[in-house]
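Below, each chain spelled out in residue letters.
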Amino acid sequence: MSRVFHITVGDRRRPPQTAPVPTGAPAAELGPGGGDERGPGIVAGFLAPHPPHLIYAENPPQNQPRSRGGWELLRWAYQEARRRLRERHRPDVIVVHAPHWITMVGHHVNCVPNPRGLSVEPIFPHLLRYRYDFRTDVELATAIADCAADAGLVTRKLTNPGVRVDYATIGALHLLNPDWDIPVVSLSANNNPYFYSDADLEQMERLGAATRRAVEETGRRAVLAGSNSLSHLHWDREPDLPEDMAAEHPYDDHQYRWDMDLLTLVRAGRTRELRAFLPRHIEATAAEVKAGSLSWLLSALGWPEIPGDVLGYGTIIGTGNAVIEWDPANPARAHPAPPGWAPGPDDADRPRPMTGARS
Ligand SMILES: [Fe+2]
């Protein structure tokens, strides 16, 4: 079991965390420019999916392939996320947890001051060959690694500048901030839970609490990005034109309905139920949130019992993707579920094909 990679809690440099993670902050006043007046801390979190098709469709100068567009509703959702990031949240740093920087032992934090290179999507190299060049907030990166170690997680600081940055990290960060003018901290996804049928998200929750502690100790104003898709079964054939939207739709109705149930919980602000629902959703849809980015994100925010703002949902080669913002100080309006509704489609026990799925 993945717990073989745990170490004993408590060490050395700093006292172990004993205070519970706060469960939300008081409402913040918006300033004249629409930005909130909060001080340091985690000011917002975004679920920020990374399929390479989205960057490909944007045609940014950093990416070599050219497209005619496509997946507009998701890209417009990111457009609104970028506006809020820049006008309201105004972070010192974006902290991203991404599932394709895979570390088999422990949780790694990129502490390289200026990662530069070419990120290539190995399944879709014809869509993503991206030149990146960004700055790391090394002080915060180091603090997150130390806090995670103090929380009992096996942790490493990546200091080798030659390690290529994965496309899931690049995808979420580009789509949230294509100018790359905000420093970054990048966290790996410890992948050993993938060897087991049930996701072990507890480590990701501890990593989230450690991230929050490090942000507060360093006095940063941070936005978090969990770089995950939702349902994750997908096609194994691509249309001649990758951005042919006539070929784009949910993998099947079952996947779609599970995603809608997850989003219903998000929009209603039923976060405690969402936490319990995630393993069911993962089991039913091979959801990419199995990698832990969403659990890390919501744990860092203290599992706030507030609605998330679903800025957009769309499929990419059949997988479900949602751009969602959680802003504890300025929460979205709640959209309650219909009376008597319960999460989990009525064909929840239907057997599912389990394919190797990534995008
Ligand atoms: Fe992915």
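Okay, the overall build of the protein next. The helix and strand tally for the protein stands at eight helices and ten strands. For the protein, the residues scored as buried account for 49% of the 359 residues in total. Excluding contacts between residues fewer than 6 apart, the proportion of contacts in the protein whose partners are at least 24 apart in sequence is 84%.

Of note in the backbone geometry, Asn59 takes a positive phi value of approximately 55° without being a glycine. For Asn59, the position within the fold is in the loop between helix H1 (52-58) and helix H2 (72-89). The exposure class of Asn59 is exposed, given the 12 C-beta atoms found within 10 Å. Here Arg90, not a glycine, exhibits a phi torsion of approximately 45°, which is positive. Mapped onto the secondary structure, Arg90 falls in the loop between H2 and strand E2 (93-103). With 18 C-beta atoms packed within 10 Å, Arg90 lands in the partly exposed category.

Right, let's get into the packing of helix H5 (residues 202-218) against helix H8 (residues 293-300). It is the contact of H5 with H8, at a shortest axis distance of 7 Å, that shows an interaxial angle of 40°. Put simply, H5 runs oblique to H8. At the point where H5 passes H8, the crossing takes the right-handed sense. Counting all contacts with H5, which are made through Met204, Glu205, Leu207, Gly208, Ala209, Thr211 and Arg212, the residues of H8 involved are Ser295, Trp296, Leu297, Ser299 and Ala300. Of the residues in the contact of H5 with H8, the class split is six nonpolar, four polar and two charged.

For the rest of this paragraph, the subject is the nonpolar core. Phe46, Ile144, Leu176 and Val323 are the most contacted members of the largest nonpolar core, which totals 91 residues. Among the elements that line this core, the one with the most residues is helix H3 (residues 138-150), at eight residues. Once residues lying within four places of it in the same chain are set aside, the contact partners of Ile144 are Val109, Val185, Ala210, Thr211 and Ala214.

All right, on to the packing of helix H6 (residues 253-268) against helix H7 (residues 271-285) then. In contact at an axis separation of 10 Å, H6 and H7 are set at 170° when each is read in the N-to-C sense. Here H6 is positioned roughly antiparallel relative to H7, judged by the angle of their axes. Along the contact surface, H6 presents Gln255, Trp258, Leu262, Leu265 and Val266, while H7 presents Glu273, Leu274, Phe277, His281, Ala284 and Thr285. Residues that form the contact of H6 with H7 fall into these classes: seven nonpolar, three polar and one charged.

By the alternation rule, side chains of strand E3 (residues 107-110) split into His107 and Val109 and His108 and Asn110, which are all buried. Looking at chain direction, E3 and strand E6 (residues 155-158) are connected through four bridges and run parallel. Bridge pairing in E6 links His107 to Thr155.

As a further point, take H2. The end-to-end C-alpha distance of H2 is 24 Å, a good match for the 26 Å that 18 residues give at a rise of 1.5 Å each. For H2, the complete set of buried residues consists of Leu74, Ala77, Tyr78, Ala81, Arg84, Leu85, Arg88 and His89. One side of H2 holds all its buried residues, which, seen down the axis, span an arc of 130°. In H2, those exposed residues whose orientation departs by more than 90 degrees from the buried face are Arg83 and Glu87. In the stretch just after H2, Arg90 is the one whose phi turns positive, near 45°.

This paragraph deals with the confidence of the model for the protein. Looking at the protein as a whole, its pLDDT mean stands at 88, while 84% of the residues score no less than 70. Considering only residues more than four positions removed or in separate chains, one finds that residues 1-27, a stretch of pLDDT under 50, has 44 contacts. pLDDT under 50 marks residues 355-359. Its contacts with residues more than four places away, or in other chains, come to twelve contacts.

Cut-offs used in this document
Residues numbered from 1 in each chain as written. Predicted model: local features only at pLDDT ≥ 70, side-chain atom pairs only at ≥ 80, totals over all residues. Helix = DSSP H or I, 4+ residues; strand = E, 2+ residues; numbered from the N terminus. Buried ≥ 20, exposed ≤ 12 C-beta atoms within 10 Å, placed from the backbone. Contact = placed C-beta atoms within 7 Å. Axes fitted to C-alpha atoms, helices over the stretch in contact; angles between N-to-C directions. Parallel < 35°, antiparallel > 145°, perpendicular 65-115°, else oblique. Left-handed = near helix turned anticlockwise from the far one by under 90°. Nonpolar A, V, L, I, M, F, W, Y, C, P; charged D, E, K, R; others polar. Core = buried A, V, L, I, M, F, W, Y, C linked by C-beta atoms within 7 Å. Pairing = 2+ DSSP bridges. Expected span 1.5 Å × (residues − 1). Arc of directions from axis to C-beta. pLDDT = per-residue confidence, 0-100.

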